[in-house]
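Here is what each chain is made of, one letter per residue.
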Amino acid sequence: LYIEGDNLEVLKLLQKSYNNKIKMIYIDPPYNTGKDFIYSDNYKDNLENYLELSDQVVKGERESIGIKLSTNTETMGRYHSNWINMMYPRLKLAKNLLDNDGFIAISIDDNELVNLKKICDEIFGEKNFIATIVRRTRKGGGSMSKYLSSDHDYVLLFSKNISKINKFYIPYDKKYVERYCEKDSNGKYYWDTFARNRQGSSNSYTITAPDGTELTDAWIYKKDKFLKLLNDGEVRFKKLKNKWSVQVKQRINANGQIMRSIINDFTNEQGTKSVNGFLGKEVFSYAKPVELVKYFMKSINEKDSIILDFFSGSSTTAQSIIEFNNDEKTNHKFLLIQIPEMINIKSKAYKAGYRNICEIGKERIRRAGDKIIEESDNKDLDIGFKVFKLDSSNLEKWDPDYNNLEQTLLTNKENINQIEQN
Ligand SMILES: C[S@@+](CC[C@H](N)C(=O)[O-])C[C@H]1O[C@@H](n2cnc3c(N)ncnc32)[C@H](O)[C@@H]1O
């Protein structure tokens, strides 16, 4: 599903039908860099505000083409408050949609990391925090930097209920698996050195080699675990250059590799390349890499979950899901929300015929889907999607009671209309 509209209104509408149904939310909200366009909610009547804004017309164009958002600059006095006020109710609503074993991954940078962590601590609960992942955003360069080259951003991970979350595993990459070249009745393994003296291990004790030589060192595991492994045939002594080496079988984990909190591989350049490949250069310049969304999808156990992105931009998340389904034989579904943000008349995107970001997002899904079908053996792969548009019919006015925000956020009725079937 692709829904055009302000995500606050749309999230309100999804509350009943998608309550507890979403396994993973990935969002990449505006980072609040001082140049970002931020949608200004009018909490008394957000929908009227939305429709009024979406009625804006560019000179010479008659039909409504999109919403003009205003820049949230540092000089505005309410710089951080504006951003926090924008994010808070949206995350509050998003949490209700998460399944009990679901999680949310939020891309962010230093501008709002601290505030975002605080908002999430409050909404999801501190105990449901999983990790702050650091992602390398670019490699090389840096000469344009003011003080130093900032080459990373973050992905904040929160669960709905930490006790229902499994460890985050990702499949081993091929190169890594090649190390596990030996096999016994318990599976694949390789011989790893038992000494950990250079890695600051505090497990220091003496091990006696088969010829009685005493080997005192810092070891990978404590002594009782060593004795058990030795007894189980998991440890061997090998003479290397006349010195004893103690070695242990490192076994491949059937679940895959544990996810790490530093991501080195998915830079912004990859995101830009992918979107350029489908839509042309500079049509959308801040897309995230497809592999980043896939990275988090790898830890979903089910094969047919629903994944939500309510700041979907150029639809990176949709492309990730379609590709993932093709590669992994899964059947995950996407639910994307995007405001029809107007496109600057001077931009390449405008010249290419796009009038708002939804048009870009939908076109990318169509082209990415077609390409996959072209290349895939599975010609039945489902690449279709429906488009809905936020509408004003039978919507109740929202008059929030700030002491009971959750209740007042939940009072709206269904009112999105289907406009396209792709
Ligand atoms: C940083 S971009 C996301 C880029 C996306 N991850 C990609 O790879 O293409 C943030 C997007 O959120 C959209 N957005 C901002 N405020 C919104 C709102 N209130 N409702 C829905 N979308 C919104 C913006 O139009 C922008 O396209």
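The shown structure was predicted, so the numbers you read here are calculated from the model rather than taken from an experiment.

Undergrad: Could you clarify how one ought to interpret the overall build of the protein chain in this entry?
TA: Helices and strands together make up the secondary structure of the protein chain, namely 12 helices and 20 strands. Counting only residues that meet the buried cut, the protein chain has 51% of its 422 residues in that class. Sequence-distant contacts, at least 24 apart, represent 73% of the contacts inside the protein chain between residues at least 6 apart. Total accessible area computed for the protein chain in this model is approximately 22,200 Å², and 47% of it derives from carbon and sulfur atoms.

Undergrad: Can you help me understand the environment of Asp 101 in this one?
TA: By the element assignment, Asp 101 lies in strand E5 (residues 98-108). You can call Asp 101 partly exposed: its relative accessible area is 29%. The spatial distance from the C-alpha of Asp 101 to the C-alpha of Lys 164 is 5.0 Å, given a sequence separation of 63 residues. Not counting residues within four places of it along the chain, the set of residues in contact with Asp 101 comprises Lys 23, Lys 164, Ile 165 and Glu 302. Within the local environment of Asp 101, its side chain forms a polar contact with the side chain of Lys 23, the two groups lying 2.8 Å apart.

Undergrad: Please explain the site of the ligand as it appears in this structure.
TA: Close to the ligand lie 20 residues; Asp 28, Ser 314, Thr 316, Gln 338 and Glu 341 are nearest. Asp 28 is positioned such that a nitrogen or oxygen atom in its side chain is 2.8 Å from a nitrogen atom of the ligand. Measuring from an oxygen atom of the ligand, one finds a side-chain N or O atom of Gln 338 at 2.8 Å. For the shell around the ligand, the residue count by class is eight nonpolar, seven polar and five charged.

So, how was this worked out
By convention here, each chain's residues receive numbers from 1 onward along its written sequence. Local features in this predicted model are restricted to residues of pLDDT 70 or higher, and side-chain atom pairs are both shown and tallied only at a pLDDT of 80 or more, whereas totals for entire chains, interfaces and linings draw on every residue. Excluded from the side-chain calculation are hydrogens and water; included are all heavy atoms of the structure. Helix numbering and strand numbering both begin at the N terminus, where a helix is a DSSP run of H or I of at least 4 residues and a strand a DSSP run of E of at least 2. Using a 1.4 Å probe on the protein chains alone, a residue whose accessible area is under 20% of its type maximum counts as buried, one over 50% counts as exposed, and one in between counts as partly exposed. Residue contacts are counted whenever heavy atoms from the two residues lie within 4.5 Å of one another. Only the protein chains shown count as cover for residues, and all accessible areas are computed by the Shrake-Rupley method using a 1.4 Å probe. In protein, a polar contact requires one atom able to donate a hydrogen and another able to accept it; more generally it is a pair of N or O atoms within 3.5 Å, and residues adjacent in sequence count only if both atoms are side-chain atoms. In this text, near means that some heavy atom of the residue lies within 4 Å of the molecule or strand in question. Three classes are used, and their members are as follows: Ala, Val, Leu, Ile, Met, Phe, Trp, Tyr, Cys and Pro are nonpolar, Asp, Glu, Lys and Arg are charged, and the others, Gly among them, are polar.

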